[in-house]
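Summary of the model geometry
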Amino acid sequence: DPPSAATAAPFTDWLRRQHGLGVTLGSVCAGAFLLGETGLLAGRTVTTHWMYAELFQARFPDVRMDADRLIIDDGDIVTAGGAMAWTDLGLRLVDRFLGPTVMIETARVLLVDPSGREQRYYSPFSPRLTHGDAAVLKVQHWLQATDAREIALATLAARAGLEERTFLNTASGCAWARRARCCNSAGCRSTGSPGKSVTATPAPSANSLPGSSA
């Protein structure tokens, strides 16, 4: 059965701290309830076993549930469906940290076909969240949770708790920060999620990081 709030309580603070340090969190099956108790899933789309979908939605009404999907990779949080979806979650993490060659070899040994289970398996960009800059990490998490709908420089700087110039200097290596600078100069605002069209300039990737290139 899914863990109750009381059962989850001893772990929620620790999970929030780890997430704040840039650790990627993941769940399989009813494990989504544990992540739900942390409050980190608010506003996100997640999955769990289809038998628990209605219960999850009733318990966490601020989280979007899509039990039709086997795995949902939200960058810093990955949720998987039924208990056997651990293989999909595991392969996703192997691909992220060790690369597609090792992932495919692992899938071959396990007799798992990743392309058959998830059509978009190779499409997500894997974020690096352990760069150690708390202000930039805070903005990354916010962009991820809001689908980067708002990329105005003033908004990003406010989210980071920094002056605009300081924020730009801090995040100078981020592709999305450079685009925010261009967008600010053009006086535009984002009107879509990453990868979709926006006014005057493409929306930034919520996964771009200090030192990364566009």
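Data block above holds the structure.
Quick look at the structure, then.

Calculation rules
Residues numbered from 1 in each chain as written. Predicted model: local features only at pLDDT ≥ 70, side-chain atom pairs only at ≥ 80, totals over all residues. Heavy atoms only, no water. Helix = DSSP H or I, 4+ residues; strand = E, 2+ residues; numbered from the N terminus. Buried < 20%, exposed > 50% of the residue type's maximum accessible area, 1.4 Å probe, protein only. Contact = heavy atoms within 4.5 Å. Areas by Shrake-Rupley, 256 points an atom, 1.4 Å probe, with all protein chains shown as cover. Pairing = 2+ DSSP bridges. Axes fitted to C-alpha atoms, helices over the stretch in contact; angles between N-to-C directions. Salt bridge = Lys/Arg side-chain N within 4 Å of Asp/Glu carboxyl O. Parallel < 35°, antiparallel > 145°, perpendicular 65-115°, else oblique. Left-handed = near helix turned anticlockwise from the far one by under 90°. Nonpolar A, V, L, I, M, F, W, Y, C, P; charged D, E, K, R; others polar.

We now examine the overall build of the protein. Looking only at helices and strands, one finds 10 helices and five strands in the protein. Across the 214 residues of the protein, 46% fall into the buried class. Expressed as a percentage of contacts within the protein between residues at least 6 apart in sequence, the contacts between residues at least 24 apart total 53%. Of the accessible surface of the protein, which amounts to about 11,000 Å², a share of 55% is contributed by carbon and sulfur atoms.

Further remarks concern the side chain of His-19. With respect to the secondary-structure elements, His-19 resides in helix H1 (residues 5-20). On the basis of relative accessibility, which here comes to 5%, the residue His-19 falls in the buried class. Those residues in contact with His-19 that lie beyond four places of it in its chain are Leu-25, Leu-40, Arg-44, Asp-76, Ile-77, Leu-137 and His-141.

The next subject is the sheet that holds strand E5 (residues 77-80). Within the open sheet, the three strands sit side by side as E1-E5-E4. Their pairing is mixed. Because the sheet does not close on itself, it has two edges, and the strands there are strand E1 (25-28) and strand E4 (71-73). The mean inter-strand angle of the sheet, taken between neighbouring strand axes irrespective of direction, is 5°. With four bridges connecting them, E1 and E5 associate as parallel partners. Its bridge partner being in E5, Val-28 is matched across the sheet by Ala-80. With respect to the sheet, helix H2 (residues 31-38) is in contact with E1 and E5, its orientation differing from that of E1 by roughly 140°.

Our focus in this paragraph is the pattern of salt bridges. Tallied over the full model, the rule gives seven salt bridges. Ionic pairing is found between Arg-16 and Asp-13, a salt bridge with its closest N-O pair at 2.3 Å. On the criterion of helical spacing, the pair formed by Arg-16 and Asp-13 is a turn pair, its members being three residues apart in helix H1. The exposure class of Arg-16 is partly exposed, given its relative accessible area of 32%. Its relative accessible area of 44% is what places Asp-13 among the partly exposed residues. Ionic pairing is found between Asp-74 and Arg-44, a salt bridge with its closest N-O pair at 2.6 Å.

Moving on: the environment of Trp-142. For Trp-142, the position within the fold is in helix H7 (residues 134-145). Residue Trp-142 is classed as buried on the basis of its relative accessible area of 16%. Distance in space between the C-alpha atoms of Trp-142 and Arg-159 is 7.9 Å, their sequence separation being 17 residues. Apart from residues lying up to four places away in sequence, Trp-142 is in contact with Glu-150, Thr-155, Leu-156 and Arg-159.

With that out of the way, let us pick up the packing of helix H4 (residues 86-98) against helix H5 (residues 100-110). One way to put it is that H4 packs onto H5 with a least axis distance of 7 Å and a crossing angle of 150°. With respect to each other, H4 and H5 are oriented roughly antiparallel. The two elements H4 and H5 cross, and the hand of that crossing is right-handed. Contact residues: Leu-91, Val-94, Asp-95 and Leu-98 in H4; Pro-100, Val-102, Met-103, Thr-106 and Ala-107 in H5. Here the residues of the contact of H4 with H5 are counted per class, giving seven nonpolar, one polar and one charged.

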